[in-house]
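Observations on the three-dimensional arrangement
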Amino acid sequence: GENVEQHPSTLSVQEGDSAVIKCTYSDSASNYFPWYKQELGKRPQLIIDIRSNVGEKKDQRIAVTLNKTAKHFSLHITETQPEDSAVYFCAASIDTGKLIFGQGTTLQVKP
Amino acid sequence: ETGVTQTPRHLVMGMTNKKSLKCEQHLGHNAMYWYKQSAKKPLELMFVYSLEERVENNSVPSRFSPECPNSSHLFLHLHTLQPEDSALYLCASSQDPRGAYEQYFGPGTRLTVT
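Residues numbered from 1 in each chain as written. Chains lettered and ligands numbered in written order. Predicted model: local features only at pLDDT ≥ 70, side-chain atom pairs only at ≥ 80, totals over all residues. Heavy atoms only, no water.

A short note on the state of the cysteines
- Across all of its chains, the model carries two disulfides over all chains by this definition.
- In this model C23(A) forms its disulfide with C90(A); the gap between the sulfur atoms is 2.0 Å. Because the sign of the S-S torsion sets the handedness, a value of about -100 degrees for the bond joining C23(A) and C90(A) places this disulfide among the left-handed ones. Within this pair, whereas C23(A) is found in strand β3 (residues 19–25), its partner C90(A) is found in strand β9 (residues 86–92), the two being separated by 67 residues in sequence. No difference in accessibility class separates C23(A) from C90(A), as the two residues are buried.
- The disulfide that involves C23(B) links it to C91(B), with 1.9 Å between the sulfurs. Judged by the torsion about the S-S bond (-70 degrees), the C23(B)/C91(B) disulfide is left-handed. You can see C23(B) sitting in strand β3 (residues 18–25) and its partner C91(B) sitting in strand β9 (residues 87–94), a full 68 residues away along the chain. (Disulfide = S-S within 2.5 Å. Helix = DSSP H or I, 4+ residues; strand = E, 2+ residues; numbered from the N terminus. Buried < 20%, exposed > 50% of the residue type's maximum accessible area, 1.4 Å probe, protein only.)

Description of the interface of chain A and chain B
- Tallying the contact residues gives 17 residues for chain A and 23 residues for chain B.
- When chain A packs against chain B, the two sides together hide about 1700 Å² of surface, and 51% of this comes from carbon and sulfur.
- Across the contact surface, chain A and chain B share six residue pairs in polar contact (both at pLDDT 80 or more).
- Broken down by secondary-structure element, the contributors of at least two residues to the side of chain A that touches chain B are β4 (32–38) and β5 (45–51) of chain A.
- Here the residues of the side of chain A that touches chain B sort into seven nonpolar, six polar and four charged. (Contact = heavy atoms within 4.5 Å. Buried area = accessible area lost by both parts, 1.4 Å probe. Polar contact = N/O pair within 3.5 Å; in protein donor to acceptor, adjacent residues only side chain to side chain. Nonpolar A, V, L, I, M, F, W, Y, C, P; charged D, E, K, R; others polar.)

What follows is the structure in structure tokens.
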């Protein structure tokens, strides 16, 4: 079955710097890759997603890139702010609701 | 936020108890999910329901028994749990489980098994 590896497990950056979180997946049939953000004590929420027919997607300070050949995708956050501090989860699926999640990355943005 | 609600928010139970977790979605979705979130582990999908029919059971022990009486409600019945079952149990819903749609999560139930 699908396996998703996420790195790093923790990431600390200064406010205003960029943050990059990387995920690799094992099943080449996977075609949907969402990213969820979970603030402390709160529920996970979708922040951006990408499908396998595109290589990059941007939404303001957040972008996701996908390399299907290498089977990896990354989350890029530019101009980080303290409110970006949270746990970020990547996931993969074969166009269904059965999401396989990565282990999570705890991002700390220092003011 | 009131899209997906879960009760109770916290639960402490002994290994011989029987309890139930409840989830309700007000989004008109057709799919509902149960996830287990343990420290230092990824979110683990437990069950998927589509229009009250179970479509996925991810090798979950029988001491967890889901029930979906209608498309808005989902229960997780618990009995004879083990301490390692202590975790945050999250419910989610989406438009349809057969497509890649955003999943909306509830706030979770923090379960402690003593």
